[in-house]
Amino acid sequence: MEERNIVLDGDIVVGNHSDIRYGIIANAAILGERVEVSGDIVASSDIRIDIWSHIGGNVKTKKNAYIGEFVTIDGRLVVKGDLDIGNDVKISSGFEAKGWIVVRNPIPVIAYLFLYLTELLRMGKDEEVEKALDELFDEEIETIGSAAMIVPNGSKISIDSIRVPSTATIGNNCRLVGNIRASMLEMGKNTTLYGSIRTLTNVDLGEDNIIHGNIVSRGDVYINKGTHVLGEINANSIKIHESARVDGVMRASGGIVFVREEDRTLNENELMTLDI
């Protein structure tokens, strides 16, 4: 996360009614209905923007673009491939497309799949439906990729906060800015977060992470080796590796467990426990 953009090695999928107060630079970008993006969207692969979405900057892709009805783009639309665009689309600074331009409303992917499978079921082709699901699932995995950023419906990402309605899952080697608010958090390794963490249930931090803020959770907090928390931790219980570091106070009504390197194979009952 840079000052103005979210930069991804892979793809991004943004759920309906989400608010992204950044620009997006990614391989491919798929946006749902009524999505707000404050900056530019730049993609090396396809861009799909569903109906009633609003883009506060330019939209640029080296391949194809699919723009639904009533989409508003405050900047310029530049498409190196084909452009499939719906009615009543507003583009403030005009558009440029190198390939074919088709003016129609691109059918949402989920609606297309639903109609296709419904027709197969009506014809009694159960085996073909099963085969189609397998093929579509495989295609989806190949299209989105394992390094994709998935933003759930109704999320908000700004320089102040990262808010998701359910679980937040963060991979390895990320750099994030903002206070995370989620029901649960899972973090990989070698990630730096410039902000605090607040969850309703558990927080699980992998190895060698750096958290520039506090952690507050109603559930349990797990901190693996090499992770550094610069703030305080308030939780139901805390389990922390001996090589991890917490600069602030740790408070846990359910107790604090310190895990030694040689104790990793022992049961939890055999670990050194401190109750406060």
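This one's a predicted model, so the numbers in the text were calculated from it and none came from an experiment. (Residues numbered from 1 in each chain as written. Predicted model: local features only at pLDDT ≥ 70, side-chain atom pairs only at ≥ 80, totals over all residues. Heavy atoms only, no water.)

1. Description of the overall build of the protein
Per the secondary structure count, the protein includes two helices and 37 strands. Burial statistics for the protein: of 276 residues in total, 42% are counted as buried. Contacts spanning at least 24 positions in sequence make up 11% of the contacts within the protein whose residues lie at least 6 apart. Accessible surface computed for the protein: about 15,100 Å², of which carbon and sulfur atoms make up 49%. (Helix = DSSP H or I, 4+ residues; strand = E, 2+ residues; numbered from the N terminus. Buried < 20%, exposed > 50% of the residue type's maximum accessible area, 1.4 Å probe, protein only. Contact = heavy atoms within 4.5 Å. Areas by Shrake-Rupley, 256 points an atom, 1.4 Å probe, with all protein chains shown as cover.)

2. Describing the pairing of strand 21 (residues 167-170)
Covered by surrounding structure in strand 21 are Ala168 and Ile170 only, the residues Thr167 and Thr169 on the alternate face being uncovered. Pairing of strand 21 with strand 24 (residues 184-187) involves four bridges; the strand directions are parallel. Residue pairing for strand 24: Thr169 is matched across the bridge by Glu186. (Pairing = 2+ DSSP bridges.)

3. A look at unusual backbone geometry
With glycine set apart, most residues show a phi of negative sign, and most peptide bonds adopt trans. Unlike most non-glycine residues, Asp88 shows phi in positive territory, near 60 degrees. Note on placement: Asp88 falls in the loop between strand 14 (83-85) and strand 15 (90-91). Even without being glycine, Asn173 reaches a positive phi, approximately 60 degrees. In this fold, Asn173 is placed in the loop between strand 21 and strand 22 (175-177).

4. What about the sheet that holds strand 1 (residues 5-7)?
Read across the open sheet, the six strands follow the order 1-4-7-10-13-16; overall the sheet is parallel. Among the strands making up the open sheet, the edge pair consists of strand 1 and strand 16 (95-97). Strand-to-strand twist across the sheet, computed as the mean angle between neighbouring axes with direction ignored, equals 5 degrees. Two elements, strand 7 (residues 41-43) and strand 10 (residues 59-61), share three bridges in a ladder whose sense is parallel. What sits directly across from Ile41, in strand 10, is Val59. (Axes fitted to C-alpha atoms, helices over the stretch in contact; angles between N-to-C directions.)

5. Let's talk about the packing of aromatic side chains
Given two aromatic rings, one states the distance between the centres and the angle between the planes to describe the pair. Considering all chains together, one arrives at one aromatic pair under this definition. Ring geometry for Trp52 and Phe70: centres 4.4 Å apart, planes at 10 degrees, overall stacked. Separated by 18 residues along the polypeptide, Trp52 in the loop between strand 8 (47-49) and strand 9 (54-55) and Phe70 in the loop between strand 11 (65-67) and strand 12 (72-73) bring together distant segments of the chain. Using a relative accessible area of 41% as the deciding quantity, one classes Trp52 as partly exposed. In this structure, Arg48 is placed above the aromatic ring of Tyr66, and the distance from its NZ or CZ to the ring centre is 3.9 Å. (Phe/Tyr/Trp six-rings, centres within 6.5 Å; stacked < 30°, edge-to-face > 60°. Lys NZ or Arg CZ within 6 Å of the ring centre and 35° of its normal.)

6. Considerations on the pattern of salt bridges
This model, assessed by the stated rule, comprises five salt bridges. One salt bridge connects Arg76 with Glu96, and the closest N-O pair in it is separated by 3.8 Å. One end of the pair, Arg76, is in the loop between strand 12 and strand 13 (77-79); the other, Glu96, is in strand 16, and 20 residues separate them in sequence. Judged by relative accessible area, Arg76 falls into the partly exposed class, the value being 32%. Take Glu96: its relative accessible area is 27%, and that puts it in the partly exposed class. For Lys98, the salt bridge identified is with Glu96, shortest N-O distance 3.3 Å. (Salt bridge = Lys/Arg side-chain N within 4 Å of Asp/Glu carboxyl O.)

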